[in-house]
Amino acid sequence: MPLDQPTLNSLGIAKAPADTRVVVAMSGGVDSSVVAAMLAEEGYDVVGVTLQLYDHGAALAKKGACCAGRDIHDARRVAETMGFPHYVLDYEDTFRESVIDEFADAYLGGATPVPCIRCNERVKFRDLLETARDLDADCMATGHYIQRKVGARGPELHRAADPVRDQSYFLFSTTGEQLDYLRFPLGHLHDKAATRALAAKYGLPVADKPDSQDICFVPNGDYAAVIEKLRPDAAQPGAIVDMDGRELARHDGIINYTVGQRRGLGIGGLSEPLYVVKLDPDRRHVVVGPKSALATRLVPLREINWLGDAPLASRGEWHIGVKVRSTRPPREAILRPKANDLAEVELLTPEEGVSPGQACVFYDLDDTRVLGGGWIWRGY
């Protein structure tokens, strides 16, 4: 007779909840707090961990950020409410080296970086994940809105049930090995109201806390001010030129501009509006042109993370959906693998404002599965 299959708990682990240790990455917001409370109520051995990522003393009064000092306090209050241990780990040096420094250098190089992806990739899902293993945890859970499903070949990454809250764009670099260990208990919820209802049910002090809006180390979304603080010589003046190289105006530093920008160029009296179509850091040029010049069809990628079942190089072309902005729905495209972790994406419908430094995330056209992604660069 066949042996009885072990019973899996709600996290897919063959243990009783009380014997299953879960490290929950707690930002102090409502999402991760609900995850921790939910698992504690189910009887899991929950350990809450909050990362101190930068100098919180200077950010105590800052609103709308994910990592301010009050957030550590809020995470601790949730742990006290639900009765599980909570630890704060000092990751300031790691965060500065792995995320902030690259953010500054990318902007100086004329790119438009996405530091939240690097934070997930290099801090939360690498260093914190290893800390969870050191704590003998069976898995690590987060409050991200994305789904982990077990397919025929193992765990798969899928978009969240709520397309408005879906965070797959920011998690494309999650590896298969990490996915084995990670859990995302909120991915199946259909809207944020359901999360807040759970927070109220558990009596959490953060039930009505507003969502974070800014990158945690960029107050009020003022990227240029942060870059100037990190790199005091960053704001070098230069020329705003048209696509033929003719100077139209002057600027105080390319760090104040992004591809696709229309306002704040200081150029008037034209028959049609101009947009930033390219940043040239070597010449300190901001190149402007008509909106039509923003349309991009071919997108060069590097640092590819592939999550498909078959090897990426097993086909010359993959017909997939891609996102080149977090807020845009996937569009049909053709992915062509190249040598040495490189690829090129051909967009079947051109996109506007595609910029080096952003991510291009891959999706299965037939379902919600995330197939990985890569980083947009200028190519050779």
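In what follows, the structure referred to is the one given above.
Summary of the structure given here. Small disclaimer: the values here were computed from a predicted structure and weren't measured.

## Thoughts on the pairing of strand S10 (residues 275-280)
Here is step 1: Counting buried positions over the six residues of S10 gives five, a clear majority of the element.
Here is step 2: Sheet analysis places S10 next to strand S11 (residues 285-289), joined by five bridges and oriented antiparallel. Across the sheet, leucine 279 pairs through a bridge with valine 286, a residue of S11.
Here is step 3: Between S10 and S11, which pair antiparallel in sequence order, lie four residues; one of them, arginine 284, sits at a positive phi of approximately 60°.

## Re the sheet that holds strand S1 (residues 21-25)
To summarise the sheet geometry, strands pair through backbone hydrogen bonds and adopt either a parallel or an antiparallel arrangement.
Here is step 1: As summarised here, the arrangement of the five strands in space is S3-S2-S1-S4-S7, forming an open sheet in which the pairing is parallel. Of all the strands in the sheet, just strand S3 (86-90) and strand S7 (182-183) have a single pairing partner and so form its edges.
Here is step 2: By the bridge criterion, three bridges tie S1 to strand S4 (residues 139-141) in an arrangement that is parallel. Pairing of valine 23 across the sheet is with methionine 140, part of S4.
Here is step 3: Packed on one face of the sheet, helix H1 (residues 30-41) meets S1, strand S2 (45-52) and S4 and runs near 165° to S1.
Here is step 4: Its contacts with the sheet place helix H4 (residues 115-134) against S1, S2, S3, S4 and S7, and it is angled at close to 135° to S4.

## Topic: the environment of threonine 258
Here is step 1: Looking at the secondary structure, you find threonine 258 in the loop between strand S9 (247-251) and S10.
Here is step 2: A sequence separation of 180 residues divides threonine 258 from valine 78, and the C-alpha atoms of the two residues are 39 Å apart.
Here is step 3: If near-sequence neighbours (up to four positions away) are discounted, threonine 258 is found in contact with Tyr107, Thr112, Val276 and Leu279.

## Quick look at H4
Here is step 1: At leucine 128, H4 is deflected by roughly 25°, the largest bend along its length.
Here is step 2: When H4 is considered as a whole, its buried residues turn out to be Pro115, Ile117, Arg118, Cys119, Asn120, Arg122, Val123, Phe125, Leu128, Leu129, Thr131 and Ala132.
Here is step 3: Just beyond H4, the residue with positive phi is aspartate 136, at close to 60°.

## Some thoughts on the sheet that holds S11
Here is step 1: Here four strands make up an open sheet; going across it, the order is S9-S8-S11-S10 and the pairing mixed. In the strand order of this sheet, the two ends are held by S9 and S10, each with one partner. Across the sheet, the mean angle separating the axes of adjacent strands is 25° when strand polarity is ignored.

## Focus: the nonpolar core
Here is step 1: Judged by nonpolar contacts, the single largest core of 48 residues is most densely connected at Leu53, Phe95, Phe103, Val123, Met140 and Phe217.
Here is step 2: Looking at this core, the elements that each hand over two or more residues are S1, S2, helix H3 (92-108), H4, helix H5 (176-181), helix H7 (223-230), strand S16 (359-363) and strand S17 (369-376).
Here is step 3: Counting residues per element, this core draws most heavily on H4, which supplies seven residues.
Here is step 4: Setting aside residues no more than four positions away along its own chain, methionine 140 makes contact with Val23, Lys124, Phe125, Leu128, Leu129, Ala132, Tyr181, Leu182 and Arg183.

## Looking at the state of the cysteines
Here is step 1: For the structure shown, the criterion picks out zero disulfides.
Here is step 2: In this structure cysteine 139 is not part of a disulfide, and its nearest cysteine sulfur, from cysteine 119, lies 20 Å away.
Here is step 3: This cysteine, cysteine 360, is not joined by any disulfide, and cysteine 116 carries the nearest cysteine sulfur, 18 Å off.

## Regarding the pattern of salt bridges
Here is step 1: For the structure on display, the rule yields 32 salt bridges.
Here is step 2: The residue aspartate 31 makes a salt bridge to lysine 192 at a minimum N-O spacing of 3.3 Å. Here aspartate 31 is found in helix H1, whereas its partner lysine 192 is found in helix H6 (residues 192-201), with 161 residues between them in sequence.
Here is step 3: A relative accessible area of 17% means that aspartate 31 is categorised as buried.
Here is step 4: Lysine 192 gets classed as buried once you look at its relative accessible area, which sits at 10%.

## Considerations on H1
Here is step 1: The end-to-end C-alpha separation of H1 is 16 Å, in line with the 16 Å expected for twelve residues at 1.5 Å each.
Here is step 2: The element H1 is extensively covered by neighbouring structure, given that ten of its twelve residues are classed as buried.
Here is step 3: The inward-facing, buried residues of H1 contact S1, S2, helix H2 (69-82), S4 and H6.
Here is step 4: Following H1 by one or two positions, glycine 43 has its phi on the positive side, about 100°.

Analysis parameters
- Residues numbered from 1 in each chain as written.
- Predicted model: local features only at pLDDT ≥ 70, side-chain atom pairs only at ≥ 80, totals over all residues.
- Heavy atoms only, no water.
- Buried < 20%, exposed > 50% of the residue type's maximum accessible area, 1.4 Å probe, protein only.
- Helix = DSSP H or I, 4+ residues; strand = E, 2+ residues; numbered from the N terminus.
- Pairing = 2+ DSSP bridges.
- Contact = heavy atoms within 4.5 Å.
- Axes fitted to C-alpha atoms, helices over the stretch in contact; angles between N-to-C directions.
- Bend = angle between axes of the 7 residues up to and from the residue.
- Core = buried A, V, L, I, M, F, W, Y, C linked by side-chain atoms within 4.5 Å.
- Disulfide = S-S within 2.5 Å.
- Salt bridge = Lys/Arg side-chain N within 4 Å of Asp/Glu carboxyl O.
- Expected span 1.5 Å × (residues − 1).

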